Amino acid sequence: MKKREVKDMRNWIFLGVTLLLMAGVFSAAMSVETYTVTPSTVKPGEEGAVTFSVGNVLPSTATTTITPLEDVSVFFTAVTGIEYKAQSPFVIGTIDSGGSALVSIPFHVLPTAKSGVITASFFISQKDKTDLKTVNAIIRVVNPPIITLSSDHQTILTTDVINLTITNNGGAASKFAIKLADSSNFSFIGITQVYVGDLAKSVVVQVPIDSRKVNEGLNTLPFVISYQQEGGDTANETKYLTVAVKKEKADVAFTQVEPIVTNKDNILRMKVKNTGRALEDFRVLLTDNNVKARDSSQIRLGNLATGQEKEFQVPVFAGVQPGVMTTTFSVKWVEDDVEKEESMSVPLAVSSDAEVGIYLEAKPTPLAVGGDYTLSVTASNLGSYKIANVVVAIEDSDAFDIQNIQKEQYIGNLDNDAFSTVQYKIRVGANIPAGDYPLAFKIRYKDQSGLWIEKVVKTTVTIRPASEGVQKDNGSGTLVLVGIVVLAGAGYWYFRMRKPKAKQGFIG
């Protein structure tokens, strides 16, 4: 090749390279920035948007360019689960040198969309270019279950079975289970959880509830539900259901057969009558420290039919003051194979240890056939507590007649260790044989407990023969007569000695 030809070829190559370099400097480069999805998660039926920026980027070696991006468009196709709110292609148009355009493609998540990830692809093109820019946007669809709980029981008993309706207005839930919160006083009977499995729109399950440790009244059942959502995520949440707890009452009535005495060992005798439904394995427990059982505190009465009455007795010690006190009985029974318990307040009458002693004295003594006497009756309170409204009445006797207007006499109140005396006028029969005769007094009073107590105190009196009574009376009369004579003589002597002797001193 000739030198001239080689030189010309070199010039053409240089020109071509120069033109290529110039074309590289003055041609634009399209760029797409990172996309965003708003909101970050969407539910079926909601709307969102995919947003990204398309820019006309200058080469790093250039300071200016005259080449714009022409006929820039964004193409997209339908995707399962969503529909676009814009038409494809989305036309941007021309992007000048160094400029950018913000693209926002709105979309609507179909109600039938499943939870998971949807990839939405967008393709950006420009005039006379075959290469495309691609944006693969990730749209996260969440469809959590929307759970509602309702019960057919607004009021539940101590142990009860409720029909729990579980309604799901959201996405599918599988491996559905129900527990009670660990901090709750409620519990299930016989199970630790209720397993449902795949949850449909609505399902009814039977839930056995034990509320024996729960106070009566309004309470909240804390159901902890767990399930697996669409897409495999596991969720836990607590649903609260308000119910009224009503404690069953054992319809039994206790009746005290007789009072017990304070500060003494007693036999507490009680009757219990079942006025309600039949009770199985009925037991009574004495739980009050004021009335303590000396042996076992539990009394088993077995089955108690409706209307049936049973009597029981238990040795106790009552360390309380006299009066009507309220004690606590715990009753237990079995119903539907579940043991139930209730505390009941039972009134008990506790009487005092009051004792009244009767002591007699007669004037004159001894009592003799045919004589009249004053009989003094002393009533003494031998107990630990005051007694009130004490009345003493002497009973009729074969030995004598009572001369008082009435046989009953009022004493009043007597403190412990105090006494009071009443008197009766009596006349011993003239024709009765001498000997020992029974005599009875009826004592009535109100003890510290407020109870009226009536007792009969019996004693024996000795009637002497009439001669003994007369002799003693005659002797007494003789002594009195002698005393009168002596006193008369002394008085005569005294006045005699005091006569004035002045006349003997006068001389006539």
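The following refers to the structure shown. (Residues numbered from 1 in each chain as written. Predicted model: local features only at pLDDT ≥ 70, side-chain atom pairs only at ≥ 80, totals over all residues. Heavy atoms only, no water.)

Positionally, Asn274 belongs in strand β22 (residues 265–274). Since its relative accessible area comes to 1%, Asn274 is described here as buried. Here Arg277 takes part through its backbone oxygen, which lies 3.0 Å from a polar atom of the side chain of Asn274. (Helix = DSSP H or I, 4+ residues; strand = E, 2+ residues; numbered from the N terminus. Buried < 20%, exposed > 50% of the residue type's maximum accessible area, 1.4 Å probe, protein only. Polar contact = N/O pair within 3.5 Å; in protein donor to acceptor, adjacent residues only side chain to side chain.)

Tallying each qualifying case throughout the model produces seven aromatic pairs. Ring geometry for Phe76 against Phe122: centres 5.8 Å apart, planes inclined by 65°, an arrangement best described as edge-to-face. With Phe76 in strand β5 (residues 69–76) and Phe122 in strand β9 (residues 116–125), the pair connects residues that are 46 residues apart, well separated along the chain. Residue Phe122 is classed as buried on the basis of its relative accessible area, which comes to 0%. A centroid spacing of 5.2 Å and a plane angle of 80° characterise the contact between Phe254 and Phe329, whose relative ring orientation is edge-to-face. With Phe254 in strand β20 (residues 252–256) and Phe329 in strand β27 (residues 323–335), this residue pair connects regions lying 75 residues apart in the sequence. Each member of the pair, Phe254 as well as Phe329, carries the same accessibility label: buried. An aromatic cluster is defined as three or more aromatic residues linked by ring pairs; in this entry it consists of Phe52, Phe76, Tyr84 and Phe122. (Phe/Tyr/Trp six-rings, centres within 6.5 Å; stacked < 30°, edge-to-face > 60°.)

Next up on the list: unusual backbone geometry. Cis rather than trans, the peptide bond between Thr38 and Pro39 has omega equal to -10°. Here Pro39 shows up in the loop between β2 (36–38) and β3 (41–42). Here Asp71, not a glycine, exhibits a phi torsion of approximately 50°, which is positive. Structurally, Asp71 is set in strand β5.

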